[in-house]
Amino acid sequence: MGFSTRQIHAGVTPDPLTGSILTPIYQTTTYVQPSVDEYLSKGYSYSRSGNPTVRALELKLADLEGGVDCICFGTGMAAIQGVMLAFLNAGDHAIISDVAYGGTYRLCTKVLSRFGIEFTFADGSDPDAVAAAVRDNTKLFLTETPANPTMKCSDIAAISKIAKKAGAIHVVDNTFLTPYFQLPLTLGADLSIHSTTKYMDGHNATVGGAVISATQEHSDAVAFIQNSTGSIMSPQVAWLTSQGCKTLSLRMDAQSAIAMTLAKHLETHPKVEQVCYPGLESFAQHELASRQASGYGAMFWFEVKGGLAAGKKLMDNIDVFSLAENLGSLESLITHPVTMTHADVEEAERKRVGIIDGLVRVSVGLEDVEDLIDALDKALEQV
Ligand SMILES: Cc1ncc(COP(=O)(O)O)c(C=O)c1O
């Protein structure tokens, strides 16, 4: 079946008690067992180990990503942590794409490194650089593509081959493009992860995470960590996220069309130094972005002439766009990664990977494109 049909129906069956067309919010801690011998006969024992509302979302996401199973977490970071704990031990080494969400960088360098896990941040846009970083103890590759915030793309198929050769697993953070535009598992990756906080929810209402696996063995390993650490998604969050997912394709199509219009407009604006959007022909990896995904998404960044001071002035004065962290929702957001989402990445590392001080990150929402252009033009007039 097509994506639109699956995003609505996958994972959902009418409630057995009432016929409710939506999976109800099963707000319960525990589940009464019919007898000792029939323990778990209905599939549930205690809500840290499983909940029907969360399960409905997991089945939907597994279907949309083309995986065998999905495990949902309390946040995207909990999902990334869950994968790391499931597949890495003390003494192991992991290769992370050198541009990644600041929280991922912090988790690796400031938390997991304390437990004897080694990390190399390699240029994901250059498969040779990734291959050169492989060591005897490399067990996991994590690729975020397009990456937050520079939009650097990594070749999922090429890195999956390098990972297989090294006997390691390849995990792709698919948050920016979602399975509607990009299917990492079909390109050879073993796991696809999401901050469902972003496009899956799509309405700035929840925080959540998900891990979709190509094999049951991998999914079971992730589920074991999720239950052991208690990093679960709540039923309310799962219910809201399931509702959000039902319009994913419509939102992705509409928001990326608006992003393309805004990026093209800014590219010709006299006060703009540079615009970086994978859909633009000027984007350095436009060919790769077009080859491995069926759309370019709704995230881009630009630099105002006058650098950091001008960028700050724009962000402080712009209308319609809200100055806020998060991305992927109906409200257009504008963010300054250096002081906000990537503040924990050391200055030297930021400079090395191209997170420049004047970078203004835009998450394009679903407002009228004319209003967004007008707001950008008026704000640019003032800088
Ligand atoms: C690409 C990416 N991955 C993971 C995360 C972490 O997700 P969460 O904020 O839900 O923990 C983020 C958050 O911005 C992100 O942008």
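**Topic: helix α8 (residues 216-229)**
Right, on to step 1. Here α8 contains 14 residues, and its C-alpha end-to-end distance of 20 Å stays within 8% of the 20 Å for a straight helix at 1.5 Å per residue.
Right, on to step 2. Buried within α8 we find His218, Ser219, Ala221, Val222, Ala223, Ile225 and Gln226.
Right, on to step 3. Elements in contact with the buried residues of α8: β1 (69-73), α3 (76-87), β6 (191-195) and β7 (209-213).

**Remarks on the site of the ligand**
Right, on to step 1. In the neighbourhood of the ligand, 13 residues make up the surrounding shell, with Thr75, Gly76, Met77, Ser195 and Thr197 lying closest.
Right, on to step 2. Considering only residue class, the shell around the ligand consists of three nonpolar, eight polar and two charged.

**Some details on the sheet that holds strand β10 (residues 322-323)**
Right, on to step 1. Spatially, five strands are ordered β8-β9-β12-β11-β10 in an open sheet, and the strand pairing comes out mixed. In this open sheet, the two strands that pair with only one neighbour each are β8 (272-276) and β10.
Right, on to step 2. As judged from the five bridges shared by strand β9 (residues 299-304) and strand β12 (residues 359-363), these two strands associate in the antiparallel manner. The partner of Trp301 across the bridge, within β12, is Arg361.
Right, on to step 3. Sitting on the sheet, helix α10 (residues 248-267) is in contact with β8 and β9, with an inclination near 150 degrees to β8.
Right, on to step 4. Across the sheet, helix α12 (residues 307-317) lies against β9, β10, β11 (333-335) and β12, angled at about 125 degrees from β9, the strand it touches most.

**What about the packing of helix α2 (residues 52-65) against helix α9 (residues 235-245)?**
Right, on to step 1. Their axes nearest at 8 Å, the elements α2 and α9 cross at an angle of 35 degrees. Handedness of the α2/α9 crossing: left-handed. Here Thr53, Val54, Ala56, Leu57 and Lys60 of α2 come into contact with α9, specifically with Pro235, Ala238, Trp239, Thr241, Ser242 and Cys245.
Right, on to step 2. By residue class, the composition of the contact of α2 with α9 is seven nonpolar, three polar and one charged.

**What about the domain arrangement of the protein chain?**
Right, on to step 1. Looking at the protein chain, the domain boundaries give domain 1 (3-245) and domain 2 (248-381).
Right, on to step 2. A separation of 26 Å is found between the C-alpha centroids of domain 1 and domain 2.
Right, on to step 3. At the interface, 33 residues of domain 1 touch 34 residues of domain 2.
Right, on to step 4. The set of elements that each furnish at least two residues to the side of domain 1 that touches domain 2 consists of α1 (3-9), α4 (102-111) and α7 (178-181).
Right, on to step 5. Class assignment of the residues belonging to the side of domain 1 that touches domain 2 gives a composition of 17 nonpolar, 12 polar and four charged.

Here is what the cut-offs are and how they apply
- Residues numbered from 1 in each chain as written.
- Predicted model: local features only at pLDDT ≥ 70, side-chain atom pairs only at ≥ 80, totals over all residues.
- Helix = DSSP H or I, 4+ residues; strand = E, 2+ residues; numbered from the N terminus.
- Expected span 1.5 Å × (residues − 1).
- Buried ≥ 20, exposed ≤ 12 C-beta atoms within 10 Å, placed from the backbone.
- Contact = placed C-beta atoms within 7 Å.
- Near = placed C-beta within 6 Å.
- Nonpolar A, V, L, I, M, F, W, Y, C, P; charged D, E, K, R; others polar.
- Pairing = 2+ DSSP bridges.
- Axes fitted to C-alpha atoms, helices over the stretch in contact; angles between N-to-C directions.
- Left-handed = near helix turned anticlockwise from the far one by under 90°.
- Domains from an automatic or database assignment.

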